[in-house]
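The chain contents come next:
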Amino acid sequence: MFIDSKEKSIADNYIKNGYIIEKISNLDSLYWMKNELIKIIREVAEIELDDDEILDNFHKKISLEDLNNIRVKIIQKINQIKDFRYEYYRIAKPLLDLIVGNEVSMQLRTNLSIQIPNDNSSLLPIHADTWSGDSPFETVVWIPFVNCYNTKSMFILNPLETEKLMKNFNDNFNKSSDEIYNSIKHKLKWIDIKFGEVLIFNQSLPHGNVVNNESETRWSMNVRFKGIFTPYGDKKIGEFFEPINLKAASIIGMQYNKNK
Ligand SMILES: [Fe+2]
């Protein structure tokens, strides 16, 4: 393989653990996105907290009944900002170049997760995206806007344990996600990640979250990426993904017609 040792160790970790966490080198983009997010929160909900505490302490200023409405409005507004996905890609690019490639398809919508303490209304029970038809070539870029740890974060099962789980898939198939979760709970890796870092994970491994039992709100975003020319699953090019950096030779190749 023609890759240097730093690249190799990142790639090896991704394959072995199913994820990597790295410091974000492009902090300008990260702070720009965080400021946009805070501006939107202030537009949508009247919250009298300073910028440095509004995210972690968000739950102290809103009622649970309003949360879903607020969440929908914030997601809508984020997705209306023209440069948001571009900045998102700029943050992920150095790692995507190593993990995915430099011709990538990016999810059209940016997902936002708001997990307020003790809220069980927006959980993501254990699942792998491939179980519901996603391509195994997809990867998820997950950016936290607060420090995430324990139940304020998310969990993932490593590839070795996933293989064991899948061997018994027929037995497990009829189990509820709670039963699956309880049977492998002690094997799950809880992601410990700080604001300023980015997580890239393999969505074909079981992952999810539980009720946030910490005392702070989690804010994180996630967007899927894949190589443009890798096979697509249920999430199609055009409706879910779009190529964002097609190269010249690929454009020529796609337009080439030998019968011309
Ligand atoms: Fe997922």
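Reading guide: rules and limits
- Each residue is numbered by its place in its chain's sequence as written, counting from 1.
- Totals for whole chains, interfaces and linings use all residues, but because this is a predicted model, local features are given only for residues with pLDDT of at least 70 and pairs of side-chain atoms are given and counted only at 80 or more.
- In computing side-chain properties, one takes all heavy atoms of the structure into account and sets aside hydrogens as well as water.
- Centres within 6.5 Å are what make two rings of Phe, Tyr or Trp a pair, Trp counting through its six-membered ring; a difference in plane orientation under 30 degrees is then read as stacked, over 60 as edge-to-face, and the rest as tilted.
- Numbering of helices and strands runs from the N terminus, with a helix taken as a DSSP run of H or I at least four residues long and a strand as a DSSP run of E at least two residues long.
- For every residue, the accessible area (1.4 Å probe, protein chains only) is compared with the maximum for its type, and the residue is labelled buried under 20%, exposed over 50%, or partly exposed between those bounds.
- Both a distance and an angle decide whether a charge sits over a ring: NZ of Lys or CZ of Arg must be within 6 Å of the ring centre and within 35 degrees of the ring normal.

How should I be thinking about the packing of aromatic side chains in this particular structure?
Each aromatic ring pair is summarised here by two numbers: the centre-to-centre distance and the angle between the ring planes. Summed over the entire model, instances satisfying the criterion amount to nine aromatic pairs. Taking 5.3 Å as the distance between ring centres and 70° as the angle between the ring planes, the aromatic pair formed by Phe155 and Trp190 counts as edge-to-face. Of the two residues, Phe155 sits in strand β5 (residues 155-156) while Trp190 sits in strand β6 (residues 189-190), which places them 35 residues apart along the sequence. Overall, the relative accessible area of 23% leaves Trp190 in the partly exposed class. Grouping aromatic residues by their ring pairs yields a cluster made of Tyr31, Phe145 and Phe195. Taking the ring centre of Phe195 as reference, the NZ or CZ of Lys34 above it sits at 4.2 Å. One residue, Lys235, lies across the ring of Phe240, its end atom 5.2 Å from the ring centre.

How should I be thinking about the environment of Glu48 in this particular structure?
The residue Glu48 is located in the loop between α2 (27-44) and α3 (64-80) in this model. On the basis of relative accessibility, which here comes to 74%, the residue Glu48 falls in the exposed class. Along the sequence, Glu48 and Phe58 sit ten residues apart, while their C-alpha atoms lie 9.7 Å from each other.

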